[in-house]
Amino acid sequence: MTELQRVLLSTLREQRRRVLSTLDGLPEPALTRSTVPSGWSPLGMVRHLTFDVERFWFRGVASGEELDLPTDDEVWHPTPCPGARHVIDEYEAAAASSDHVIETTPLDALPPARALSLYPWAPNRSLLETVAHVITETATHAGHLDVSRELVDGHQHLVLTEFGERR
């Protein structure tokens with residue numbers, strides 16, 4: 001694994017930790033209730049990050065795997081909503097699978113032809129560009145979760161970003 005892959009993984013893992021730490025301590029009803037007009041809930045956001053971000057971009061696009069993804073409504077508003085532990089476990093498993101792709105695929109690799117055939121709307125961009133996109137999307141949604149959490153109980157998340165994990 002290259003130094004750039006290590007930095008990218010460290011940055012992505014930090015954003016994932018931020019997502020999960022924002023949920024820590026919220027009671028189950030707050031995890032499934034929306035605080036915004038668009039209607040998403042904190043667990044819905046984590047499901048979006050699991051299916052539409054981690055699984056789609058790394059297993060589907062970068063690896064060319066045919067995925068049976070849930071619909072938008074099944075991601076954002078499943079009935080009934082899976083419990084918090086289940087949603088978090090799915091997110092962590094998807095992240096571990098994504099990490100494996102990042103660790104074992106050259107950063108200049110383009111999606112396999114199969115991926116572009118399965119997902120013709122996906123851009124034909126390098127793994128490096130895909131990782132940068134996922135970091136951006138995860139950080140953006142972590143911020144959304146911060147605002148939602150503050151609206152629920154006033155908790156404010158102080159973000160101190162440190163590049164590179166401590167060894």
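Could you give an account of the side chain of glutamine 15, with specific residues and numbers?
Tracing the backbone shows glutamine 15 in helix α1 (residues 3-23). When near neighbours in sequence (up to four residues on either side) are disregarded, glutamine 15 contacts Ile135, Thr138, Ala139 and Ala142.

With reference to specific residues and values, describe the pattern of salt bridges.
A complete count under the given rule lists 13 salt bridges for this structure. A salt bridge links arginine 114 to glutamate 66; the nearest nitrogen and oxygen atoms lie 3.6 Å apart. Separated by 48 residues along the polypeptide, arginine 114 in helix α6 (residues 113-118) and glutamate 66 in the loop between α3 (42-62) and α4 (72-76) bring together distant segments of the chain. Taking the relative accessible area as the measure of exposure, arginine 114 reaches 47% and is therefore partly exposed.

Any details on the environment of glutamate 129? Residues and values, ideally.
Topologically, glutamate 129 is positioned in helix α7 (residues 127-153). Relative accessible area serves as the criterion here: at 44%, glutamate 129 is assigned to the partly exposed category. Sequence separation between glutamate 129 and leucine 67 is 62 residues, and the spatial gap between their C-alpha atoms is 21 Å. From its side chain, glutamate 129 meets the backbone nitrogen of serine 126 in a polar contact 2.8 Å long.

I'd like a rundown of the environment of alanine 62, residues and numbers included.
Its location among the elements puts alanine 62 in helix α3. Sequence spacing of alanine 62 and serine 21 is 41 residues, and the spatial spacing of their C-alpha atoms is 28 Å. With near-sequence residues (within four places) excluded, alanine 62 lies in contact with Trp57, Val101, Pro112 and Leu127.

Reading the values: rules and limits
Residues numbered from 1 in each chain as written. Predicted model: local features only at pLDDT ≥ 70, side-chain atom pairs only at ≥ 80, totals over all residues. Heavy atoms only, no water. Helix = DSSP H or I, 4+ residues; strand = E, 2+ residues; numbered from the N terminus. Contact = heavy atoms within 4.5 Å. Salt bridge = Lys/Arg side-chain N within 4 Å of Asp/Glu carboxyl O. Buried < 20%, exposed > 50% of the residue type's maximum accessible area, 1.4 Å probe, protein only. Polar contact = N/O pair within 3.5 Å; in protein donor to acceptor, adjacent residues only side chain to side chain.

So yeah, pure geometry; function would need other evidence.
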